[in-house]
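Structural features, examined
Next come the chains, spelled out residue by residue.
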Amino acid sequence: MIGFLSVYWFKPANQKNLKLLLSFSGAFLLAITIFNLLPEVFEHHGYHDQIGLWIMLGILLQSVLEYFSKGAEHGHVHLQKERTTLPKLLFISLGIHALLEGFPIHHTDGLLMGIIVHKIPVAMILSTYLLQTQVKKWQVAVFLLLFAFLTPLGSFLASHVSSVIAYYKEITALVIGIFLHVSTTILFESNEGHKFNVTKFIIVLAAIGTAYVL
């Protein structure tokens, strides 16, 4: 909702700064995954090969989700300005992604902050494109509100549904695969002209340092 309201009220025109914020979020999410989530799922687990399989399944799942979302998870949104209805496939794919993100929040230090930092620039980019279409603004707001509640819903399910709790390690490994796919796509997709971007590199280092401290 912070991302949506900031776009609705301030209408930021500088997409370069938004991309830098997205880079920070990608690096932060990747660092949290490596520093916290990976050690957690492999600790005290006798079936490391199975955990690795679930991580690979997460990577593949995210590849399938991005086929429908067209890469909205890492800031790529392509909507026609003449569109008058909300993109259902985009919402479903983003919804599955957001729901799964919520599962490991209660058990992993820093992950909540990582997801918040990740969601703000994604929501800003998504809101920017949706508000340029012919879709009614209240429908866009509802779309983003439902999107915002899906991650807390995932966290609730992981804490209160016994069938989910029983497979917490496996689901977390699946989420790790999703995080690895999204964060590395944000960070390592080619820069314009294949030039080394010093500013982006400093932003990434700052994100990694922040995640390490947390």
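This is a predicted model, so every value here is computed, not measured. (Residues numbered from 1 in each chain as written. Predicted model: local features only at pLDDT ≥ 70, side-chain atom pairs only at ≥ 80, totals over all residues. Heavy atoms only, no water.)

What follows is about the layout of surface pockets. One way to see where empty space is left: roll a probe the size of a water molecule over the atoms. Computed from the structure, the second largest pocket encloses a volume of approximately 360 Å³. Along its surface, the second largest pocket is lined by 16 residues, and Met1, Ile115, Ile116, Lys119 and Ala148 are the ones closest to its centre. For the lining of the second largest pocket, the secondary-structure elements that each account for two or more residues are α1 (2-10), α5 (111-131) and α6 (137-160). Grouping the constituent residues of the lining of the second largest pocket by class yields 12 nonpolar, 3 polar and 1 charged. (1 Å grid on protein atoms, 1.4 Å probe; cavity = no way out; pocket = protein on both sides within 12 Å on 5 of 7 lines; lining within 4 Å. Points joined across faces, edges and corners; volume = space filled by probe spheres on them. Helix = DSSP H or I, 4+ residues; strand = E, 2+ residues; numbered from the N terminus. Nonpolar A, V, L, I, M, F, W, Y, C, P; charged D, E, K, R; others polar.)

Okay, the nonpolar core next. Ranked by size, the top nonpolar core spans 36 residues in total, and within it Leu100, Phe103, Leu111 and Phe179 carry the most contacts. Elements with a contribution of two residues or more to this core: α2 (15-42), α3 (48-69), α5, α8 (168-188) and α9 (198-213). Look past the residues within four positions of leucine 100 in its chain and what remains in contact with it is Leu61, Leu174, Val175 and Ile178. Counting residues in each nonpolar core, the second largest holds 14 residues, with Leu90, Ala123, Val135 and Val140 among its members. (Core = buried A, V, L, I, M, F, W, Y, C linked by side-chain atoms within 4.5 Å. Buried < 20%, exposed > 50% of the residue type's maximum accessible area, 1.4 Å probe, protein only. Contact = heavy atoms within 4.5 Å.)

All right, on to α6 then. Along its 24 residues, α6 runs 35 Å from first to last C-alpha, staying within 8% of the 34 Å computed at 1.5 Å per residue. Buried within α6 are the following residues: Val140, Phe143, Leu144, Phe147, Leu150, Thr151, Gly154, Ser155 and Ala158. Looking at the packing, one finds that the buried side of α6 touches α1, α4 (88-101), α5 and α7 (162-166). (Expected span 1.5 Å × (residues − 1).)

With that settled, the discussion passes to a nonpolar patch on the surface. Together, Val64, Tyr67, Phe68, Leu89, Ile92 and Ile96 make up an exposed nonpolar region whose accessible area comes to about 590 Å². The topology assignment puts isoleucine 96 in helix α4. (Patch = residues over 30% accessible without salt bridge, like charges linked within 9 Å, V, L, I, M, F, W, Y side chains within 5 Å. Areas by Shrake-Rupley, 256 points an atom, 1.4 Å probe, with all protein chains shown as cover. Salt bridge = Lys/Arg side-chain N within 4 Å of Asp/Glu carboxyl O.)

For threonine 33, the position within the fold is in helix α2. For threonine 33, the contacting residues outside a window of four places in its chain are Leu38, Pro39, Ile176, Phe179 and Leu180.

Within the secondary structure layout, threonine 108 lies in the loop between α4 and α5. Sequence separation between threonine 108 and threonine 33 is 75 residues; the distance between their C-alpha atoms is 9.4 Å. Discounting residues that sit within four places of it in the chain, threonine 108 has contacts with Asn36, Leu37, Glu40 and Tyr168.

This part covers the packing of α5 against α6. Their axes nearest at 11 Å, the elements α5 and α6 cross at an angle of 160°. Considering the angle they form, α5 stands roughly antiparallel to α6. For the pair α5 and α6, the crossing hand works out as right-handed. Across the interface between the two elements, Ile115, Lys119, Ala123, Leu126, Ser127, Leu130 and Leu131 of α5 pack against Lys137, Val140, Phe143, Leu144, Phe147 and Thr151 of α6. For the contact of α5 with α6, the class distribution of residues is 9 nonpolar, 2 polar and 2 charged. (Axes fitted to C-alpha atoms, helices over the stretch in contact; angles between N-to-C directions. Parallel < 35°, antiparallel > 145°, perpendicular 65-115°, else oblique. Left-handed = near helix turned anticlockwise from the far one by under 90°.)

Moving on to the packing of aromatic side chains. As enumerated under the stated definition, the model contains 4 aromatic pairs in all. The interplanar angle of 85° and the centroid separation of 5.2 Å between the aromatic rings of tyrosine 67 and phenylalanine 68 together place this pair among those described as edge-to-face. Taking relative accessible area as the criterion, tyrosine 67 reaches 56% and is therefore assigned exposed. (Phe/Tyr/Trp six-rings, centres within 6.5 Å; stacked < 30°, edge-to-face > 60°.)

A few words on the pattern of salt bridges. In total, this model carries 1 salt bridge according to the counting rule given. Glutamate 101 is paired through a salt bridge with lysine 119; the nearest N and O atoms lie 2.2 Å apart. In this pair, glutamate 101 sits in helix α4 while lysine 119 sits in helix α5, placing the two residues 18 residues apart along the sequence. Taking the relative accessible area as the measure of exposure, lysine 119 reaches 14% and is therefore buried.

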